[in-house]
Amino acid sequence: MYERIISLENLFDAWVEFLKGKRKRKDVAEFSENLSENIYSLHLGLLNKTYRHSSYSAFNISDPKPRNIHKASVRDRLLHHAIHRIIYLYFDKKFISDSYSCRLNKGTHKAMERFESFSHKVSKNNTKQCWVLKCDIKKFFASIDHNLLRYIVIKYIPDENINWLLFQIIESFHTAPGKGLPLGNLTSQLLVNIYMNEFDQFVKHKLKAKHYIRYADDFVFFSQNKSELEVFIRYIVHFLQSELKLKLHPDKVFIKTLSSGVDFLGWVHFPDHRVLRTVAKRRMLKNISQKSTASYQGMLKWGNAYKLVKKINSGL
């Protein structure tokens, strides 16, 4: 697979994918001025293993909450795409079906549909009490342990060349010694899924939880039995700390009845409908513009938001 990753054909195909929506950006335009030369130079560096990942430029965003984004150079982001194109499908087959973040034919809408399906199944179509355990991992990307991630990668990929390449990317960034992945990398999205797949497998095969959904660092369990979910918490905390060096966010772990409303992926879910989270609603109304109207309307069709759509259509 290493030869496929670093091949000129794959690098040029990755460039076409990477270029979408970025043609007018200064750094992309500069790289494309000598595209063939730059890609061939990258290819030789990978072939001879003289390649080293460049440093990142950092910037902050505050939507929906403050985040520190780290942006790699065009050359490195091109390589991230080249790697992702080849190894994504190999790893995707290893993942459980109810992991929904950054995967083909998955995403937030599919996760919410699955939430609705599980809620109906566990509540026996709203005839039984349905309890939901909701968890969130504290400082998720910043807490990924490099050594553990490398160990997990080696477990799945015996090829030393691919491991060398992935380690170059893993070690290119840290929030503390040996910790952290950058939010801006395409490869980070895949690497955190590889990392959290260890937890997913534990949930399915050790806890034997039938009704479980994970989206990045947010996950939920469904049960008719509240005490079962309380027991799950103890096992979850222990596994995350001992096996992955992760901690649950103390303010974002709760067990609630579905009928009281469960906040998941920006929506508050009830037995027979869902409504947009209040904070998200305020942010939407604050940021609304002519360009964003259509995209907001597309998002709102996934829940009960008739009044909000009406507000948007009337120009507030």
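Read on for an overview of the structure.

Rules of the game
- Residues numbered from 1 in each chain as written.
- Predicted model: local features only at pLDDT ≥ 70, side-chain atom pairs only at ≥ 80, totals over all residues.
- Heavy atoms only, no water.
- Helix = DSSP H or I, 4+ residues; strand = E, 2+ residues; numbered from the N terminus.
- Buried < 20%, exposed > 50% of the residue type's maximum accessible area, 1.4 Å probe, protein only.
- Contact = heavy atoms within 4.5 Å.
- Areas by Shrake-Rupley, 256 points an atom, 1.4 Å probe, with all protein chains shown as cover.
- Pairing = 2+ DSSP bridges.
- Expected span 1.5 Å × (residues − 1).
- Arc of directions from axis to C-beta.
- Polar contact = N/O pair within 3.5 Å; in protein donor to acceptor, adjacent residues only side chain to side chain.
- Salt bridge = Lys/Arg side-chain N within 4 Å of Asp/Glu carboxyl O.
- Axes fitted to C-alpha atoms, helices over the stretch in contact; angles between N-to-C directions.
- Core = buried A, V, L, I, M, F, W, Y, C linked by side-chain atoms within 4.5 Å.

Let us look at the overall build of the protein. In terms of regular secondary structure, the protein is built from 14 helices and 9 strands. Across the 316 residues in the protein, those meeting the buried criterion constitute 47%. Residue pairs at least 24 apart in sequence account for 68% of intrachain contacts in the protein once pairs closer than 6 positions are excluded. For the protein, the exposed surface amounts to about 16,800 Å²; the carbon and sulfur share of it is 51%.

Sheet faces and side chains relate simply in a regular strand, where the side chains alternate between the two faces. Sheet topology note: the strand β4 (residues 212-215)/strand β5 (residues 218-223) ladder contains 4 bridges and is antiparallel. Residue pairing across strands places I213 opposite V220, the latter belonging to β5.

Once that is clear, we can look at helix α6 (residues 108-122). An ideal rise of 1.5 Å per residue puts 21 Å on 15 residues; α6 measures up with 21 Å between its terminal C-alpha atoms. Taken as a whole, α6 has its buried residues at A111, M112, F115, F118, S119 and V122. Across the axial projection of α6, the buried residues extend over an arc of 120°, all falling on one side. For α6, the elements touching its buried residues are β4, β5, β7 (262-264), β8 (267-269) and β9 (274-276). Positive backbone phi, at 50°, marks K124, one or two positions downstream of α6.

The subject of this paragraph is the side chain of R214. Checked against the element boundaries, R214 lands in strand β4. Look at R214 and you get buried, because its relative accessible area is 1%. Among the polar contacts made by the side chain of R214, one reaches the side chain of N193 at a distance of 3.3 Å.

Another point: the pattern of salt bridges. Under the definition given, this model contains 12 salt bridges. Between D27 and R77 there is a salt bridge, with the nearest N and O atoms lying 2.9 Å from each other. Residue D27 is located in helix α3 (residues 26-33), and its partner R77 is located in helix α5 (residues 74-92); the two are separated by 50 residues in the primary sequence. With its nearest N and O atoms 2.8 Å apart, the salt bridge here joins D98 to R114. Remark: R114 occurs in helix α6 and D98 occurs in the loop between α5 and α6; sequence separation between them is 16 residues.

Before going further, it helps to spend a moment on the sheet that holds β7. Strand order in the open sheet formed by 3 strands is β7-β8-β9, and the pairing between neighbours is antiparallel. Each having just a single partner strand, β7 and β9 make up the two edges of the open sheet. The average undirected angle you get between the axes of adjacent strands in this sheet is 30°. Pairing analysis gives 3 bridges linking β7 to β8, with the strands arranged antiparallel.

Looking at the secondary structure, you find N185 in the loop between α9 (160-170) and α10 (186-205). If we skip the residues at most four places from it in the chain, N185 touches Y56, H70, A72, H80 and I169.

A few words on the nonpolar core. Core analysis: the biggest nonpolar cluster contains 69 residues, and W15, F199, F219, F221 and I236 have the highest contact counts within it. The contacts of F221, once residues within four sequence positions are left out, are W131, V132, L133, V203, L207, A209, H211, Y212, L229, F232 and I236. Residues F118, L258, V262 and F264 belong to the second largest nonpolar core, which totals 17 residues.

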